[in-house]
Amino acid sequence: MPHTTPPVDDVLAAITERFGPLESTVFRDQTSLVVPEPQSLELLGFLKSRGFDLLVDVTCVDYLEYRGAKHRYGLVYLLASTTTNQRLTVRVYVDDPVSAAEAGPTVRSVVGLWQAANWLEREVWDLFGIRFAGHPDLRRLVMPEEFTAHPLRKDYPLQGRGERHNFPVITRDHS
Amino acid sequence: MAVTGPGNAGRIELPENVVVSRLDELANWCRKNSLWPMPFATACCGIELMATGASKHDLARFGAEVFRFSPRQCDLMIVAGRVVMKMLPVLQRIWQQMHEPKWCISMGACASTGGVFDTYAVVQGIDRFIPVDMYVPGCPPRPEQLIQAIIDLQDKIQREGTITGREFDTAGRQLRKRALVEADELLVIDAARNPNVQRQLSAAARRS
């Protein structure tokens, strides 16, 4: 018998009652909600209190070159409940701030809700440049500390900007 | 030992237990047959490196008996796998901690050229930052290819090695950088005392 996750209709009903109707899509028994940024932390806290105790992943999509995109970054929170086996995806769309071109957007951190978000948000900061306000230790995770760019953005070239070869050369007589 | 008759004038008969050789060749023979690898295995080629050291393709047959994980005890560093830019300073530090004479094998496509990963984080060939003696192509190379590389390195050591490690002293052998055009005038820095310049200046003054 194929494994299917239980439906999340009861959770969606509770959310609609509390936050109003939110845009949601269903694809092959995976439900995805879109929540605007001012309400995102409250919604995630509400979902945690409804039993979604496992934060599976925090990741991001850069829609810079995507046709028909209305916002640049789509933050994705994958949630799961270990008690009822339900799964839910929460999407938060953010944009670059108008004032500074290089700095990225800021959203509120969910480390207070799920400890796993500590490294997951560090990875998103490292690779996309989205700041998480309230994060206890926001620094780079996978790239070296002295790296300056955010490599998974669409305007960063695949081969990099020369950082990978910026090291001293050791020749035979040095060593 | 006796000097023989007129047919072999000047030739000395050696008994069977005496070998005449050069000190360099003797040292090379000892070193090539006891290369202790330092396995710098970062990725998939590391698995093939382990397979080469296992019993089916036995690397210990060629003297590489012990895979010491301390660079102080090794003389051959086998870089197996892609090296990211976060790892490169570590690689350089390990290389510098090895004692001379030391050699390096770059195993696999990623260590030699970056392989299929032409990305912002992968160093496109460790020979940009480390002196490499042997390159082993493959993704991953079969154990037999790595063994062939070890054998070729042994031949290289036998051919080119010295007991004091003079072959590693490359700075003395490199050509001194010279200017494209060497002129006598350049030797005299002070133009006022340079006779050629004075001559040209006075000729120009006379013409004008």
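Everything that follows concerns the structure shown earlier in this document.
Reading guide: rules and limits
- Residues numbered from 1 in each chain as written.
- Chains lettered and ligands numbered in written order.
- Predicted model: local features only at pLDDT ≥ 70, side-chain atom pairs only at ≥ 80, totals over all residues.
- Helix = DSSP H or I, 4+ residues; strand = E, 2+ residues; numbered from the N terminus.
- Buried ≥ 20, exposed ≤ 12 C-beta atoms within 10 Å, placed from the backbone.
- Contact = placed C-beta atoms within 7 Å.
- Nonpolar A, V, L, I, M, F, W, Y, C, P; charged D, E, K, R; others polar.
- Pairing = 2+ DSSP bridges.
- Axes fitted to C-alpha atoms, helices over the stretch in contact; angles between N-to-C directions.
- Expected span 1.5 Å × (residues − 1).
- Arc of directions from axis to C-beta.
- Parallel < 35°, antiparallel > 145°, perpendicular 65-115°, else oblique.

## Brief notes about the overall build of chain A
Right, on to step 1. Each helix and strand in chain A was counted, giving three helices and seven strands.
Right, on to step 2. In sequence order, the secondary structure elements of chain A are arranged as α-β-β-α-β-β-β-β-α-β.
Right, on to step 3. By its C-alpha atoms, chain A is 70 × 40 × 35 Å across when sized along the principal axes.
Right, on to step 4. When the 175 residues of chain A are sorted by exposure, 25% land in the buried category.
Right, on to step 5. Across chain A, every contact between residues at least 6 apart in sequence was considered, and the portion connecting residues at least 24 apart equals 53%.

## A word on the interface of chain B and chain A
Right, on to step 1. Taken together, the contact pairs 21 residues of chain B with 15 residues of chain A.
Right, on to step 2. The residue inventory of the side of chain B that touches chain A, partitioned by class, reads 13 nonpolar, four polar and four charged.

## Description of the sheet that holds strand β5 (residues 87-94) of chain A
Note: strands within a sheet are paired through backbone hydrogen bonds, in either parallel or antiparallel orientation.
Residues and elements named next belong to chain A.
Right, on to step 1. Read from one edge to the other, the open sheet built from five strands follows the order β1-β2-β5-β4-β3, with strand pairing classed as mixed. Bordering the open sheet on either side are β1 (23-27) and β3 (54-62), each of which pairs with just one other strand. Between one strand axis and the next, the sheet turns through 20° on average, direction left out of account.
Right, on to step 2. One ladder, built from eight bridges, connects strand β4 (residues 73-80) with β5; its direction is antiparallel. Paired with Y73 across the strands is V94, a residue of β5.
Right, on to step 3. In this fold helix α3 (residues 117-128) packs onto β3 and β4, with an angle of close to 10° to the strand it touches most, β3.

## Notes on α3(A)
Residue and element names in this part refer to chain A.
Right, on to step 1. Its twelve residues give α3 an end-to-end C-alpha distance of 15 Å, which sits within 8% of 16 Å, the value for a rise of 1.5 Å per residue.
Right, on to step 2. Counting buried positions over the twelve residues of α3 gives nine, a clear majority of the element.
Right, on to step 3. Those residues of α3 that fall on the buried side of the exposure criterion are A117, L120, E121, R122, V124, W125, D126, L127 and F128.
Right, on to step 4. Buried residues along α3 sit against β3, β4 and β7 (131-133).

## Thoughts on helix α2 (residues 40-49) of chain A
Residue and element names in this part refer to chain A.
Right, on to step 1. Taken residue by residue, α2 has S40, L44 and L47 as its buried positions. One side of α2 carries all its buried residues, which in axial view fall inside an arc of 60°.
Right, on to step 2. Each element contacted by the buried residues of α2 is listed here: β4, β5 and β6 (106-108).
Right, on to step 3. Looking one or two residues beyond α2, the residue adopting positive phi is G51, at roughly 110°.

## Structural notes on the packing of helix α2 (residues 44-53) of chain B against helix α5 (residues 143-160) of chain B
Residue and element names in this part refer to chain B.
Right, on to step 1. Contact geometry for α2 and α5: axes closest at 9 Å, N-to-C directions at 75°. Overall, the two elements α2 and α5 adopt an arrangement that is roughly perpendicular. Here E48, L49, A51 and T52 of α2 come into contact with α5, specifically with P143, L146 and I147.
Right, on to step 2. A breakdown of the residues in the contact of α2 with α5 according to their chemical character gives five nonpolar, one polar and one charged.

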